[in-house]
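Summary of the model geometry
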Amino acid sequence: MSENITPYKDSLLSKKEQVAKMFDTISGNYDNLNRVISFGIDVKWRKKVLKIVAQSNPISILDIATGTGDLAILMAQTKAEKIIGLDISQGMLEVGVKKIEAKKLSKTIEMVLGDSEKMPFDTNSFDAITVAFGVRNFENLEKGLTEILRVLKPNGVFVILETSVPEKTPYKQGYTFYSRNILPIIGKLFSKDTVAYGYLSESAANFPYGEALNNILKKIGFIDVVALPQTFGVATIYSASKK
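Described below are features of the structure shown in this document.

Take alanine 128: it is sitting in strand 4 (residues 126-132). Here alanine 128 falls in the buried class, since its relative accessible area comes to 0%. Remark: the alpha-carbon pair of alanine 128 and valine 53, spanning 75 residues in sequence, is separated by 6.7 Å. The residues touching alanine 128, leaving out its near neighbours within four places in the chain, are Val53, Pro58, Ser60, Ile61, Leu62, Leu152 and Val157.

Attention shifts here to the pairing of strand 5 (residues 152-163). Where burial is concerned, most of strand 5 is hidden: nine out of the twelve residues are buried. The pairing of strand 4 with strand 5 spans six bridges and is parallel. Looking across to strand 5, one finds that threonine 130 is bridged to valine 159. The handedness of the strand 4 to strand 5 crossover, carried by helix 6 (residues 141-151), is right-handed.

Its place among the elements puts aspartate 63 in strand 1 (residues 60-64). For aspartate 63, the side chain forms a polar contact with the side chain of threonine 130, separated by 2.7 Å. Among all residues touching aspartate 63, those that are not within four sequence positions of it are Leu71, Ala72, Ile84, Gly85, Leu86, Thr130 and Val131.

Given a rise of 1.5 Å per residue, twelve residues ought to cover 16 Å, and the 16 Å separating the end C-alpha atoms of helix 1 (residues 15-26) matches this to within 8%. Restricting attention to buried positions, one finds in helix 1 the residues Lys15, Gln18, Val19, Ala20, Met22, Phe23 and Ile26. In this structure, the buried residues of helix 1 make contact with helix 2 (30-38), helix 5 (90-102) and helix 8 (196-206).

Each value, and the rule that gives it
- Within each chain, residue numbers correspond to sequence positions counted from 1 in written order.
- The predicted origin of the model limits local features to residues at a pLDDT of at least 70 and limits the giving and counting of side-chain atom pairs to 80 or more, whereas totals for whole chains, interfaces and linings rest on all residues.
- The side-chain numbers reported here are obtained from all heavy atoms of the structure, hydrogens and water having been left aside.
- Numbered from the N terminus, helices here are DSSP runs of H or I no shorter than four residues, and strands are runs of E no shorter than two.
- Each residue is placed in one exposure class: buried if its accessible area under a 1.4 Å probe, protein chains only, is under 20% of its type's maximum, exposed if it is over 50%, and partly exposed if it falls in between.
- In this analysis, two residues are considered to be in contact whenever any of their non-hydrogen atoms come within 4.5 Å of each other.
- At least two DSSP bridges between two strands are needed for those strands to be called paired.
- With its strands directed away from the observer, a crossover is right-handed exactly when the path from the first strand over the helix to the second travels clockwise.
- Between N or O atoms, a polar contact is any pair within 3.5 Å; within protein, one atom must be a potential hydrogen donor and the other a potential acceptor, and residues adjacent in sequence are included only when both atoms are from side chains.
- Take the residue count of a helix, subtract one, and multiply by 1.5 Å to get its expected span.

What follows is the structure, encoded as structure tokens:
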């Protein structure tokens, strides 16, 4: 399972602490590096998440593992009255706050330092919850998903955007070669944390995706679970709801 894969293999810190440290280190270059690594396609995927969420006309939105706030900022297009971006990395949040201020969205979007597996929100708080490229960093996946179910309102929408592994030839072989050989090199060129993008590659390759993640969501108690593969299967959008 993904929780056994950590950024710093010889560290005595918990996975949660290691992930926070890693993202603090790479926060300054994270946005630009993301565009390079995904060839800019991640922007298109996020817009699809926006479309799914917007259909429910949410008043309140929580973006978990918000990082520098890309998805939270995009969610402002839904006209939601309140959007909260939650992350365990102070460094990422600081970058995000500057972006939000530059777009004059500070009255709508609030950035909160917090743990996705123990959130400081009441039960049934949000109409919509999103997580983009963050669930594989949870220390305990099922605990994190259970917490998300708790704070989601009944009939609310939960949308995950996460990496996955293509299953068809030649895309599967191409993805494997790129993630194992090219991605870590790009990461080392752009980032002072030489292990960060090796971890992101390894965690992506070992994270449950497609029907496997669907089954976990159903086990937790989510309903109307759907997986939508993107770009030959290199990423998948999952949508679900709550009774």
